[in-house]
Amino acid sequence: MAADTTTALHRFIAGMRDEIRTLDLLREVAREQRAASVPDSGIDLAALVHRRQDIEDELHRLEQTVRPLRAALGAPGVALDADERAACDAVQDKARQTVADILAIDRDTLAALMAARETRQARLHHLDTGEATLAAYRRTVRPTTAPKELINQVG
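All of the points below concern the structure found in this document. These numbers come from a predicted model, not from an experiment. (Residues numbered from 1 in each chain as written. Predicted model: local features only at pLDDT ≥ 70, side-chain atom pairs only at ≥ 80, totals over all residues. Heavy atoms only, no water.)

1. Comments concerning the overall build of the chain
Part 1: Scanning the chain from terminus to terminus reveals four helices and zero strands.
Part 2: For a compact globule of 155 residues, the expected C-alpha radius of gyration is about 15 Å, and the chain comes in at 31 Å, more than 25% above that figure.
Part 3: Principal axes of the C-alpha set define a box for the chain whose edges measure 115 × 25 × 25 Å.
Part 4: Split into buried and exposed, the 155 residues of the chain put 25% on the buried side.
Part 5: Considering only intrachain contacts with a sequence separation of at least 6, the fraction spanning at least 24 residues in the chain is 75%.
Part 6: Carbon and sulfur atoms provide 58% of the accessible area of the chain, an area that totals close to 10,800 Å².
Part 7: Placing the 22 positive and 25 negative side-chain charges of the chain at their respective mean positions leaves the two points 7 Å apart. (Helix = DSSP H or I, 4+ residues; strand = E, 2+ residues; numbered from the N terminus. Rg over C-alpha atoms; globule rule 2.2 N^0.38 Å. Buried < 20%, exposed > 50% of the residue type's maximum accessible area, 1.4 Å probe, protein only. Contact = heavy atoms within 4.5 Å. Areas by Shrake-Rupley, 256 points an atom, 1.4 Å probe, with all protein chains shown as cover. Lys, Arg positive; Asp, Glu negative; His and termini not counted. Charge placed at Lys NZ, Arg CZ, Asp CG, Glu CD.)

If you want it as C-alpha coordinates, here you go:
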(Lines give C-alpha, C1' and ligand atoms only; values in the text may rest on other atoms or scores of the structure.)
Protein backbone atom coordinates (compact mmCIF):
# COMPACT_ATOMS: atom_id res chain seq x y z
CA MET A 1 0.00 0.00 0.00
CA ALA A 2 1.30 3.48 -0.83
CA ALA A 3 2.34 5.87 1.91
CA ASP A 4 -0.45 8.29 0.89
CA THR A 5 -3.02 5.56 1.27
CA THR A 6 -1.61 4.55 4.66
CA THR A 7 -1.77 8.16 5.84
CA ALA A 8 -5.30 8.56 4.50
CA LEU A 9 -6.34 5.33 6.19
CA HIS A 10 -4.96 6.39 9.58
CA ARG A 11 -6.51 9.85 9.27
CA PHE A 12 -9.84 8.34 8.21
CA ILE A 13 -9.97 5.93 11.14
CA ALA A 14 -8.95 8.69 13.58
CA GLY A 15 -11.60 11.00 12.12
CA MET A 16 -14.26 8.30 12.34
CA ARG A 17 -13.35 7.66 15.98
CA ASP A 18 -13.79 11.38 16.63
CA GLU A 19 -17.17 11.20 14.91
CA ILE A 20 -18.16 8.19 17.01
CA ARG A 21 -17.24 10.04 20.22
CA THR A 22 -19.32 12.99 19.05
CA LEU A 23 -22.19 10.68 18.12
CA ASP A 24 -21.98 9.16 21.61
CA LEU A 25 -22.40 12.68 23.05
CA LEU A 26 -25.32 13.24 20.72
CA ARG A 27 -26.91 9.97 21.85
CA GLU A 28 -26.60 11.09 25.49
CA VAL A 29 -28.31 14.39 24.70
CA ALA A 30 -31.02 12.51 22.82
CA ARG A 31 -31.59 10.37 25.92
CA GLU A 32 -31.79 13.49 28.07
CA GLN A 33 -34.30 14.96 25.61
CA ARG A 34 -36.37 11.79 25.88
CA ALA A 35 -36.33 12.15 29.68
CA ALA A 36 -37.28 15.82 29.34
CA SER A 37 -40.27 14.91 27.16
CA VAL A 38 -42.00 13.32 30.14
CA PRO A 39 -44.57 15.75 31.57
CA ASP A 40 -43.35 17.60 34.66
CA SER A 41 -39.80 16.28 34.24
CA GLY A 42 -38.31 19.61 35.27
CA ILE A 43 -35.55 19.23 32.66
CA ASP A 44 -34.82 22.30 30.54
CA LEU A 45 -35.61 21.05 27.04
CA ALA A 46 -34.58 24.33 25.40
CA ALA A 47 -31.06 24.07 26.86
CA LEU A 48 -30.81 20.53 25.55
CA VAL A 49 -31.86 21.68 22.09
CA HIS A 50 -29.05 24.25 22.08
CA ARG A 51 -26.55 21.70 23.35
CA ARG A 52 -27.64 19.24 20.68
CA GLN A 53 -27.27 21.87 17.98
CA ASP A 54 -23.69 22.56 19.11
CA ILE A 55 -22.87 18.85 18.98
CA GLU A 56 -24.48 18.50 15.55
CA ASP A 57 -22.43 21.45 14.31
CA GLU A 58 -19.26 19.73 15.56
CA LEU A 59 -20.35 16.50 13.90
CA HIS A 60 -20.87 18.33 10.62
CA ARG A 61 -17.38 19.85 10.89
CA LEU A 62 -15.86 16.42 11.52
CA GLU A 63 -17.73 14.91 8.59
CA GLN A 64 -16.30 17.59 6.31
CA THR A 65 -12.80 16.35 7.17
CA VAL A 66 -13.66 12.64 6.92
CA ARG A 67 -15.67 12.75 3.67
CA PRO A 68 -12.71 13.37 1.32
CA LEU A 69 -10.69 10.65 3.07
CA ARG A 70 -13.58 8.21 2.63
CA ALA A 71 -13.76 9.11 -1.04
CA ALA A 72 -10.00 8.73 -1.47
CA LEU A 73 -9.99 5.29 0.16
CA GLY A 74 -12.95 4.16 -1.94
CA ALA A 75 -11.52 5.42 -5.22
CA PRO A 76 -10.81 2.94 -7.99
CA GLY A 77 -7.27 1.62 -7.85
CA VAL A 78 -6.89 2.02 -4.07
CA ALA A 79 -6.18 -1.39 -2.64
CA LEU A 80 -6.67 -2.07 1.03
CA ASP A 81 -5.81 -5.41 2.55
CA ALA A 82 -8.40 -7.38 4.52
CA ASP A 83 -7.34 -5.97 7.91
CA GLU A 84 -7.41 -2.40 6.65
CA ARG A 85 -10.81 -2.91 5.03
CA ALA A 86 -12.08 -4.52 8.24
CA ALA A 87 -10.84 -1.54 10.29
CA CYS A 88 -12.65 0.89 7.96
CA ASP A 89 -15.82 -1.18 8.01
CA ALA A 90 -15.73 -1.50 11.81
CA VAL A 91 -15.64 2.23 12.48
CA GLN A 92 -18.29 2.90 9.84
CA ASP A 93 -20.55 0.16 11.24
CA LYS A 94 -20.13 1.58 14.75
CA ALA A 95 -21.08 5.06 13.48
CA ARG A 96 -24.12 3.66 11.64
CA GLN A 97 -25.28 1.78 14.73
CA THR A 98 -24.92 4.87 16.90
CA VAL A 99 -26.92 6.93 14.40
CA ALA A 100 -29.61 4.22 14.39
CA ASP A 101 -29.72 4.37 18.21
CA ILE A 102 -30.11 8.16 18.11
CA LEU A 103 -32.92 7.93 15.56
CA ALA A 104 -34.73 5.32 17.68
CA ILE A 105 -34.42 7.53 20.77
CA ASP A 106 -35.69 10.50 18.76
CA ARG A 107 -38.71 8.48 17.59
CA ASP A 108 -39.50 7.63 21.23
CA THR A 109 -39.12 11.28 22.19
CA LEU A 110 -41.39 12.43 19.39
CA ALA A 111 -44.01 9.85 20.37
CA ALA A 112 -43.86 11.01 24.00
CA LEU A 113 -44.18 14.66 22.98
CA MET A 114 -47.13 13.86 20.72
CA ALA A 115 -48.83 11.91 23.50
CA ALA A 116 -48.29 14.81 25.92
CA ARG A 117 -49.72 17.20 23.34
CA GLU A 118 -52.81 15.03 22.88
CA THR A 119 -53.25 14.84 26.66
CA ARG A 120 -53.03 18.63 26.95
CA GLN A 121 -55.53 19.07 24.14
CA ALA A 122 -57.93 16.61 25.78
CA ARG A 123 -57.61 18.45 29.10
CA LEU A 124 -58.29 21.78 27.40
CA HIS A 125 -61.32 20.27 25.70
CA HIS A 126 -62.61 18.98 29.04
CA LEU A 127 -62.07 22.41 30.59
CA ASP A 128 -63.92 24.11 27.74
CA THR A 129 -66.75 21.59 27.97
CA GLY A 130 -66.89 21.99 31.75
CA GLU A 131 -67.02 25.78 31.44
CA ALA A 132 -69.84 25.54 28.93
CA THR A 133 -71.74 23.14 31.19
CA LEU A 134 -71.22 25.39 34.19
CA ALA A 135 -72.42 28.43 32.25
CA ALA A 136 -75.55 26.55 31.15
CA TYR A 137 -76.17 25.42 34.72
CA ARG A 138 -75.86 28.99 35.97
CA ARG A 139 -78.35 30.22 33.38
CA THR A 140 -80.78 27.51 34.45
CA VAL A 141 -80.44 28.10 38.18
CA ARG A 142 -80.41 31.90 38.10
CA PRO A 143 -83.75 33.58 37.70
CA THR A 144 -84.08 35.45 34.45
CA THR A 145 -85.76 38.43 36.11
CA ALA A 146 -84.29 40.67 38.74
CA PRO A 147 -85.64 40.30 42.32
CA LYS A 148 -87.32 43.78 42.40
CA GLU A 149 -89.27 42.88 39.28
CA LEU A 150 -90.61 39.81 41.09
CA ILE A 151 -91.87 41.97 43.92
CA ASN A 152 -93.61 44.31 41.49
CA GLN A 153 -95.25 41.35 39.77
CA VAL A 154 -96.55 39.91 43.04
CA GLY A 155 -97.52 43.21 44.71
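2. Some points on the nonpolar core
Part 1: One finds Phe12, Met16, Leu23, Leu26, Leu73, Cys88 and Val91 to be the most contacted residues of the largest nonpolar core, which totals 21 residues.
Part 2: Mapped onto this core, the elements with two or more residues apiece are helix 1 (3-36), helix 2 (45-73) and helix 3 (82-141).
Part 3: Here this core takes 10 residues from helix 1, the largest share from any one element.
Part 4: Aside from chain neighbours lying at most four places away, what touches Leu26 is Arg52, Ile55, Glu56, Leu59 and Ile102. (Core = buried A, V, L, I, M, F, W, Y, C linked by side-chain atoms within 4.5 Å.)

3. Things to note about the pattern of salt bridges
Part 1: This structure, assessed with the given rule, holds 12 salt bridges.
Part 2: Here Arg21 and Asp18 are joined by a salt bridge, their closest N and O atoms 2.2 Å apart. Taken together, the residues Arg21 and Asp18, both in helix 1 and three residues apart, mark about one turn of the helix.
Part 3: When the shortest N-O distance is used, the salt bridge between Glu63 and Arg67 registers 3.9 Å. Here Glu63 and its partner Arg67 are both found in helix 2, four residues apart, which amounts to about one turn of the helix.
Part 4: A relative accessible area of 16% places Glu63 in the buried class. (Salt bridge = Lys/Arg side-chain N within 4 Å of Asp/Glu carboxyl O.)

4. Looking at helix 3
Because the α-helix completes a turn every 3.6 residues, residues three or four places apart line up on one side.
Part 1: The terminal C-alpha atoms of helix 3 lie 87 Å apart, and with 60 residues this matches the ideal 88 Å at 1.5 Å per residue to within 8%.
Part 2: All of the buried residues in helix 3 are Glu84, Cys88, Val91, Gln92, Ala95, Thr98, Ile102, Ile105, Thr109 and Ala116.
Part 3: Buried-residue contacts for helix 3 involve helix 1 and helix 2.
Part 4: With a side-chain oxygen lying 3.1 Å from the backbone nitrogen of Asp83, the N-terminal cap of helix 3 falls on Asp81. (Expected span 1.5 Å × (residues − 1). Polar contact = N/O pair within 3.5 Å; in protein donor to acceptor, adjacent residues only side chain to side chain.)

5. Here we look at the packing of helix 1 against helix 3
Part 1: For the pair helix 1 and helix 3, the least separation of the axes is 9 Å and the interaxial angle reads 15 degrees. Classified by the angle between their axes, helix 1 and helix 3 sit roughly parallel to one another. In terms of crossing hand, the pair formed by helix 1 and helix 3 is left-handed. (Axes fitted to C-alpha atoms, helices over the stretch in contact; angles between N-to-C directions. Parallel < 35°, antiparallel > 145°, perpendicular 65-115°, else oblique. Left-handed = near helix turned anticlockwise from the far one by under 90°.)

6. A few points about the environment of Ala90
Part 1: In this fold, Ala90 is placed in helix 3.
Part 2: A relative accessible area of 47% means that Ala90 is categorised as partly exposed.
Part 3: Ala90 sits 37 residues away from Gln53 along the chain, and the two C-alpha atoms are 27 Å apart.

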